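# Descriptive analysis of the structure
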Amino acid sequence: MTDKDNLQTTFSDDRLLEHLFGEAARQEIADNGFSDRVMQRIAGMEAPAPSMVSCNAATQRLTRLWTLFCVAVGALLFYFVNGWEMLKGSLHVLFSSVATSLEVFLTTAPTVELRLNPVAVLLLLVFLLVVLPYQTYRRLSEAL
Amino acid sequence: MAEKSDIELVTRVAVMGNKQAFDQLVRKYQSPVRRFFLNLTLGDGQLSDDLAQDTFIKAYLNIGKFRGLSSFSTWLFRIAYNVHYDYRRKMRNEVVKMRNEELEMRNDDCPTSADGSAASAYGSADAAFSSNPHSSFLIPHSSFKIDFYQALSLLKEEERTCVTLQLIDGQPIDKISNITGMPQNTVKSHLRRGKEKLADYLKRNGYDR
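The notes below deal with the structure included here. (Residues numbered from 1 in each chain as written. Chains lettered and ligands numbered in written order. Predicted model: local features only at pLDDT ≥ 70, side-chain atom pairs only at ≥ 80, totals over all residues. Heavy atoms only, no water.)

## Details of the overall build of chain B
Secondary structure assignment for chain B yields nine helices and zero strands. What you see in chain B, going N to C, is helices and strands ordered as α-α-α-α-α-α-α-α-α. Here chain B holds 209 residues, and 48% of them are scored as buried. Pairs at least 24 apart in sequence give 63% of the contacts found in chain B among residues at least 6 apart. (Helix = DSSP H or I, 4+ residues; strand = E, 2+ residues; numbered from the N terminus. Buried < 20%, exposed > 50% of the residue type's maximum accessible area, 1.4 Å probe, protein only. Contact = heavy atoms within 4.5 Å.)

Here it is as structure tokens:
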């Protein structure tokens, strides 16, 4: 048999098999409670470890060491650059500016005319009281 | 609810332990996985369902190891292939053990070599599959009424796996190679030999007319 004959035979064999096995390929197997049985077995099991935690022990140890190292460096820097004084100064400036703004607002409030669009206010309220809680609830219920 | 992608569902299971997401994956893939096992076990429905259950449970327990390098279906079929491989090995060992016990009990005068025992034990496992009461199952509504599993029973295990994955599950050669862990050329050889055997059987039974 020549190569050409071989090729023709293989081609016709493939077509024959595809034709006959095609029907089996399209056959869908009805669930008939199979998925429920699998889920019942799974229900008694603990959830698989999250993929972040499923790394090996050595990697976990290295991660912890790296975190400790970063915390230590941060603490030393905080000490050497006199971090507490800086933090105190920043908080003082923040509180003073808020207090000043509040004082100015309260002093000038009776003379300030606020122009509010009722439609915009209504939309904002709908968003805050309906859409936002609904979306949060939907996402949480999907996640849990 | 819109159908979610496999990756999204896998992420929900792996990160949040969301069992509902896994339920969706099971419902989506139960048919191809059970069909794969039905073909490998030559139509043993009970055994196929047991192996398919084991596959999904292994997938659930190891879902954190899925890295998305291949599609979820390829990963799942790889687990299914390994589950079947382990089952075959266990069966073979049990057959060998039983045979040895039988030989010891009978105190046979004609000792069989270890290799011979293993080979015949493997044959016995195949025979167990072939003599399965469901093996004469015919594809429903088939106009040809092929004795489908009879044809598949002529193939070796690897040939059957490759042929089933290609002809029935429509997997390309590179994916079959991923699933079975065999090199692509080996897959091609198994496919060629398997198809030749099937075509011969079908022609002998007049299906080419």
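## Considerations on the overall build of chain A
Within chain A, the regular secondary structure consists of five helices and zero strands. A burial count over chain A gives 12% of its 144 residues as buried. As displayed, chain A has an accessible area near 12,000 Å², and 69% of this comes from carbon and sulfur atoms. (Areas by Shrake-Rupley, 256 points an atom, 1.4 Å probe, with all protein chains shown as cover.)

## Thoughts on unusual backbone geometry
Although it is not a glycine, N32(A) sits at a positive phi angle of roughly 45 degrees. The topology assignment puts N32(A) in the loop between α1 (3–26) and α2 (34–43). Here L42(B), not a glycine, exhibits a phi torsion of approximately 55 degrees, which is positive. Its location among the elements puts L42(B) in the loop between α2 (19–40) and α3 (45–61). Residue classification places L42(B) among the buried residues on the basis of a relative accessible area of 1%.

## Observations regarding the environment of H84(B)
All names here are of chain B. Assignment of secondary structure puts H84 in helix α4 (residues 72–106). A residue is classified by how much of its surface remains accessible, and H84, at 3% relative accessible area, is buried. Distance in space between the C-alpha atoms of H84 and T55 is 9.0 Å, their sequence separation being 29 residues. Every residue in contact with H84, bar those within four places of it in the chain, is listed here: F37, L40, T41, L51 and E157.

## Notes on the pattern of salt bridges
Scanning the entire structure with this criterion turns up 16 salt bridges over all chains. For D36(A), the salt bridge is made with R27(B), and the minimal N-O distance between the two is 2.7 Å. Within this pair, whereas D36(A) is found in helix α2, its partner R27(B) is found in helix α2, the two belonging to separate chains. Residue R27(B) is classed as partly exposed on the basis of its relative accessible area, which comes to 39%. Residue E8(B) pairs with R12(B) through a salt bridge whose shortest N-O separation is 3.3 Å. Within this pair, E8(B) and its partner R12(B) are both found in helix α1 (residues 6–16), separated by four residues, close to a single helical turn. E8(B) gets classed as partly exposed once you look at its relative accessible area, which sits at 35%. Here the residues in one salt-bridge network are D36(A), D23(B) and R27(B), joined through shared partners. (Salt bridge = Lys/Arg side-chain N within 4 Å of Asp/Glu carboxyl O.)

## Some details on the packing of helix α8 (residues 173–180) of chain B against helix α9 (residues 184–204) of chain B
Residue and element names in this part refer to chain B. Between α8 and α9, whose axes approach to 9 Å, the crossing angle comes to 105 degrees. In terms of their interaxial angle, α8 and α9 are classed as roughly perpendicular. Between α8 and α9, the residues in contact are I173, D174, I176, S177 and T180 and Q184, V187, K188 and L191, respectively. A per-class count over the contact of α8 with α9 returns four nonpolar, three polar and two charged. (Axes fitted to C-alpha atoms, helices over the stretch in contact; angles between N-to-C directions. Parallel < 35°, antiparallel > 145°, perpendicular 65-115°, else oblique. Nonpolar A, V, L, I, M, F, W, Y, C, P; charged D, E, K, R; others polar.)

## A look at the nonpolar core
Formed by 62 residues in total, the largest nonpolar core has its most connected members in F21(A), F22(B), F56(B), F72(B), L198(B) and L202(B). A total of 10 residues in this core trace back to one element, the largest contributor, which is α2(B). (Core = buried A, V, L, I, M, F, W, Y, C linked by side-chain atoms within 4.5 Å.)

## Description of the environment of F56(B)
Residues and elements named next belong to chain B. Locating F56 in the fold gives a position in helix α3. Take F56: its relative accessible area is 1%, and that puts it in the buried class. Sequence spacing of F56 and F22 is 34 residues, and the spatial spacing of their C-alpha atoms is 9.2 Å.

## Notes on α1(B)
Within α1(B) the residues assigned to the buried category are D6(B), L9(B), V10(B), R12(B), V13(B) and A14(B). Just past α1(B), the residue G17(B) takes up positive phi, approximately 65 degrees.

## Observations regarding α3(B)
All names here are of chain B. With 17 residues, α3 extends 24 Å from end C-alpha to end C-alpha; this agrees with the ideal 24 Å at 1.5 Å per step. Those residues of α3 lying buried are L47, S48, D49, L51, A52, Q53, T55, F56, I57, A59 and Y60. Between the side-chain oxygen at the start of α3 and the backbone nitrogen of Q46 there is a gap of 3.3 Å, and the oxygen is on D44. (Expected span 1.5 Å × (residues − 1). Polar contact = N/O pair within 3.5 Å; in protein donor to acceptor, adjacent residues only side chain to side chain.)

## Brief notes about the packing of aromatic side chains
All names here are of chain A. Across all of its chains, the model carries 11 aromatic pairs over all chains by this definition. Ring centres of Y79 and F80 lie 5.4 Å apart, and the angle between their planes is 75 degrees; this geometry places the pair in the edge-to-face category. Like Y79, the residue F80 is exposed in the burial classification. (Phe/Tyr/Trp six-rings, centres within 6.5 Å; stacked < 30°, edge-to-face > 60°.)

## Some remarks on the packing of α2(A) against α2(B)
Helices that pack against each other are described as a pair by the angle of their axes relative to one another and the distance between those axes. One way to put it is that α2(A) packs onto α2(B) with a least axis distance of 9 Å and a crossing angle of 135 degrees. As the angle between them shows, α2(A) and α2(B) are arranged oblique. The element α2(A) and its partner α2(B) pack so that their crossing is right-handed. Seen from α2(A), the contacting residues are F34(A), S35(A), D36(A), V38(A), M39(A), I42(A) and A43(A); seen from α2(B), they are K19(B), F22(B), D23(B), V26(B), R27(B), Q30(B) and R34(B). (Left-handed = near helix turned anticlockwise from the far one by under 90°.)

The analysis is restricted to geometry; functional conclusions fall outside its scope.
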